[in-house]
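Here's the letter readout for the chains.
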Amino acid sequence: MAHFLANTTVQYVCACGLLNPITKLFFCRHCLALRCDFCLCHEVDSHFCYNCVENIPSSEAKLKKYKCNSCFDCPTCQHTLSARATTVTVPRKPEEEAKEEGGKASTVITRKMYYLACLACRWTSRDVGIPDQTVATGSWPESEYGNATRFALLMEHFQAVVLRDKQERQDYLRRKAPKQHKYPSLTDRTGLTVSMIRRQMGWSDKTPPKAKPIDVNPSEATEDVDELPDSLFTEPVNLRDLTTIKQRLSQPAAQPVTVRNLFPQHKSLSIKRSLRCRQCEHNVIKPEYNPSSIKYRIQLFAAHHVPDIRIICLPEKLQGGVKTLLQMKFCNPTVHDMTVTLKELPASEEVAFVEEMKKVTVSSSPLSRQLSLTEEPRVVNQSTTAQIEIPDESFILPHRDDSAEFDEDTLLPQEDPKFVVWRRANRACIELNIEPHDNLAPGTEIIVGFTLQYSYVNTVQVPEKKDPQTHNLTARVFINCGKLSA
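These numbers were taken from a predicted model, which means no experiment stands behind them.

S.K.: Explain the pairing of strand 20 (residues 427-436) to me, please; I cannot follow it from the model alone.
M.R.: Along any regular strand the residues' side chains alternate between the sheet's two faces. Burial within strand 20 is extensive, with seven of its 10 residues counted as buried. As paired strands, strand 17 (residues 386-388) and strand 20 are joined by three bridges and run antiparallel to one another. Across the sheet, residue Ile388 finds its bridge partner in strand 20, namely Ile434. Relative to strand 20, strand 19 (residues 420-424) is paired through four bridges, and the arrangement is antiparallel. What sits directly across from Arg424, in strand 20, is Arg427. Between strand 19 and strand 20, which follow one another and run antiparallel, lie two residues, and Ala425 among them has a positive phi close to 55°.

So, in structure tokens, the structure goes:
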């Protein structure tokens, strides 16, 4: 990563062969490999509303169509609606009249009423004729649609069809399954079945009846189309009264044409999801269950385990066949010292490596899992357009120490290689030569790549070994140095 606004300058290759910045990668401590979104299995942990911070169970959220029951979105600008209070004078009912001492009776009373208002575009529920409610969290009236009954019948019909297919599939698999022995139970020897015995005893049959779909009248196409109104051709069009495409698609059931038919919509629920490695089935990301918490129980981001590479200085002019200097900063995010070595990219052995990784992935997956869930490795779709001089020596990155940020600059150790320019705490700056290819056209992006080898101390406890194990891991890195000068 070069900086936060251009995070695609430095990209890493994950285990499946895709290029991503380090901010979008994860690290599996059990597989000791980089993972991206396609290498992980996404699981929904909980549903909640980020406005009222209410945690809703999954079964209840499904019945509510994954909508919050008490929060609404503005139909005009999609901002959150707020409940506003106002006082209304209403006549008092005859049974509620109370006589005062002087004989006079108050005929009117003041009540507090609530309505929905948008603080961004000033839209209110009074604009579409929704009556005010006596409580702020009252049951606001829902807009009725003409095809709601039709869709409900279709949903009930297809749910019964899916249930019937599932029952038939289970019956077919039960008949196809081989029996363990000739007489699995005593009732088979006597010629009686379980269902017959239950009927003789007066019990209900154990096997549930098969679902029968309800009959739904099929839709019929018609050639009779209503004619356009005359006002469409005679009166001028006021664009302020017409809805936009975004406003219509936010209400797909009605799709109103005019602004006066826009009704507030229930706010969609948000989810908290956990990410699981597809190969070893261990959690990589596990958030807190509390919807108001932003912390994680498990957070294995790659930026916390893999050296972070950033560009400090890029050459001003890149010309083919001319060597220029490239300065990069390496940062150690772990609490252990790290030895970093730069190597050449694998060229001819990459295809054989991918095929070998496919065999390892298939053989390591458990039998109970579907092989389609495992992301297969692929060849990296990125080629280099410049040559980088790889140093022969390695350099050490000290461990991360927060108190070292306030220390004064120290002199470089004598054992540092020549390509190390400066050091500060757990960071080190190196300077390498790059040379673009001669046969490139002006404006071509200059891409350099190398293999980053680093030592990683795995703190996961292994039953056979009590001490933390040190591994030498590798990651392929591609850097975009800019465009070739004319």
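S.K.: Quick question: what am I supposed to make of the environment of Leu269 here?
M.R.: Inspection of the secondary structure assignment puts Leu269 in the loop between strand 10 (265-268) and strand 11 (270-277). Classification of Leu269 as buried rests on a relative accessible area of 14%. Along the sequence, Leu269 and Lys67 sit 202 residues apart, while their C-alpha atoms lie 5.4 Å from each other. The contact partners of Leu269, leaving out residues within four places of it in the chain, are His47, Phe48, Cys49, Ile56, Ala61, Tyr66, Lys67 and Cys68.

S.K.: What am I meant to see in a negative patch on the surface here?
M.R.: A cluster of acidic residues, Glu223, Asp224, Asp226, Glu227 and Asp230, forms a negative patch at the surface. Position of Glu227 relative to the elements: it lies in the loop between helix 4 (194-200) and helix 5 (231-234).

The rules we used
- Residues numbered from 1 in each chain as written.
- Predicted model: local features only at pLDDT ≥ 70, side-chain atom pairs only at ≥ 80, totals over all residues.
- Heavy atoms only, no water.
- Buried < 20%, exposed > 50% of the residue type's maximum accessible area, 1.4 Å probe, protein only.
- Helix = DSSP H or I, 4+ residues; strand = E, 2+ residues; numbered from the N terminus.
- Pairing = 2+ DSSP bridges.
- Contact = heavy atoms within 4.5 Å.
- Patch = residues over 30% accessible without salt bridge, like charges linked within 9 Å, V, L, I, M, F, W, Y side chains within 5 Å.
- Areas by Shrake-Rupley, 256 points an atom, 1.4 Å probe, with all protein chains shown as cover.
- Salt bridge = Lys/Arg side-chain N within 4 Å of Asp/Glu carboxyl O.
- Lys, Arg positive; Asp, Glu negative; His and termini not counted.
- Charge placed at Lys NZ, Arg CZ, Asp CG, Glu CD.

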